[in-house]
Amino acid sequence: MVLSFTSMSGQLPAYATEGASGLDLRAYLEEPMTLQPMERALVPTGLKVAIPEGYEGQVRARSGLAIKHGISLVNAIGTIDSDYRGELMVPMINFGREPFTIENGDRIAQLVIAAYERVTPELVPTLDDTERGEGGFGHTGIKE
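Predicted model, so just to flag it, every value in this text is computed and none were measured.

Calculation criteria
- Along each chain, residue indices are assigned from 1 in the same order as the chain's sequence is written.
- Side-chain atom pairs in this predicted model are given and counted only at pLDDT of 80 or more, local residue features only at pLDDT of at least 70, and totals for whole chains, interfaces and linings cover all residues.
- Note that water and hydrogens are dropped before the side-chain values are worked out from all heavy atoms of the structure.
- Secondary structure is summarised from DSSP: a helix means a run of H or I of at least four residues, a strand means a run of E of at least two, and numbering begins at the N terminus for each.
- Here the globule rule reads 2.2 Å times residues to the power 0.38, and the radius of gyration is calculated from C-alpha atoms.
- Contact between two residues is taken to exist if any of their heavy atoms lie within 4.5 Å; hydrogens are not considered.
- The protein chains shown are the only cover counted for residues, whose accessible areas, like all others here, come from Shrake-Rupley with a 1.4 Å probe.
- Here Asp and Glu are counted as negative and Lys and Arg as positive; His is not counted, and neither are the chain ends.
- One atom stands in for each charge, and that atom is NZ of Lys, CZ of Arg, CG of Asp or CD of Glu.
- Take the buried Ala, Val, Leu, Ile, Met, Phe, Trp, Tyr and Cys residues and link them wherever side-chain atoms come within 4.5 Å; each set so joined is a nonpolar core.
- Burial classification: accessible surface area is computed with a 1.4 Å probe over protein chains only, and a residue below 20% of its type maximum counts as buried, one above 50% as exposed, and the rest as partly exposed.
- The criterion for strand pairing is that DSSP finds at least two bridges linking the strands in question.

Draft legend 1. Spatial organisation of the overall build of the protein. Check the secondary structure of the protein and you find one helix and 12 strands. Ordering the α and β elements of the protein from the N terminus gives β-β-β-β-β-β-β-α-β-β-β-β-β. Taken against the 2.2 N^0.38 rule, which gives 15 Å for 144 residues, the C-alpha radius of gyration of the protein at 19 Å runs more than 25% over that of a compact globule. In terms of overall dimensions, the protein has a C-alpha envelope of 55 × 40 × 30 Å along the principal axes. Within the protein, contacts between residues at least 6 apart in sequence are counted, and of these 70% link residues at least 24 apart. Roughly 10,400 Å² of accessible area belongs to the protein as shown, and the carbon and sulfur atoms make up 50% of that amount. Averaging the locations of the 12 positively and 20 negatively charged side chains of the protein gives two centres separated by 7 Å.

Right under this line is the structure:
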C-alpha cells in the first residue's frame, strides 16, 4: 500500500529498520521546545497524510524516549481517522524529573497504519457466558 503525505520539511516519515512496524515521526520546529517535568505540549510534525478508508493511523510513543527520559504521549495512543487531513500533531508529556528539549528533526513518535472494521452496535438484554466471565483486572494473579 502507498500512503500519501504532504510535508512542510520535504521529508517523509521512514521505518528505522527492515522489521519496524512504525514510521518514525519527526518534530518540525522553528526553534527548540523544552518540556518541563509534568508539562505537556502539542509538537508539530509538518506532515499531513491521506489514510485510505478502512485504515487508521496509530501514533505511539517511542520506547527509548519513554524509558530513558520519561517522555510519552498524553493520550497513550493517538488515533488518526481516514478522513482527517490536518497536520499531524503529537501530544507529548514529560513524566521525567528533568526538563527535556526537543530539537527540529528529532524522532518523537511512531505512526502505525492498521486496518479496522466498523461494527453495528446492538443492544441486547444479556451477553453470552464465557469461562472468564466478569473476572477483571488481576483476576488471574501474578503466577499461575
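Draft legend 2. Inspection of the nonpolar core at higher detail. Leu25, Val59, Val90, Met92, Ile102 and Ile108 are the most contacted members of the largest nonpolar core, which totals 24 residues. Residue contributions to this core peak at three residues, all from strand 12 (residues 107-115). Not counting residues up to four positions away in its chain, the partners in contact with Val59 are Leu25, Leu73, Ala76, Ile77, Gly78, Ile80, Val90, Ala109, Gln110 and Leu111.

Draft legend 3. Molecular detail of the sheet that holds strand 12. Taken in spatial order, the five strands line up as 2-3-12-7-9 in an open sheet, and their pairing is antiparallel. Looking at which strands have only one partner, the edges of the open sheet turn out to be strand 2 (14-15) and strand 9 (77-80). Of the strand pairs in this sheet, strand 3 (residues 23-26) and strand 12 are connected by four bridges, and their pairing is antiparallel. Residue pairing for strand 12: Arg26 is matched across the bridge by Arg107.

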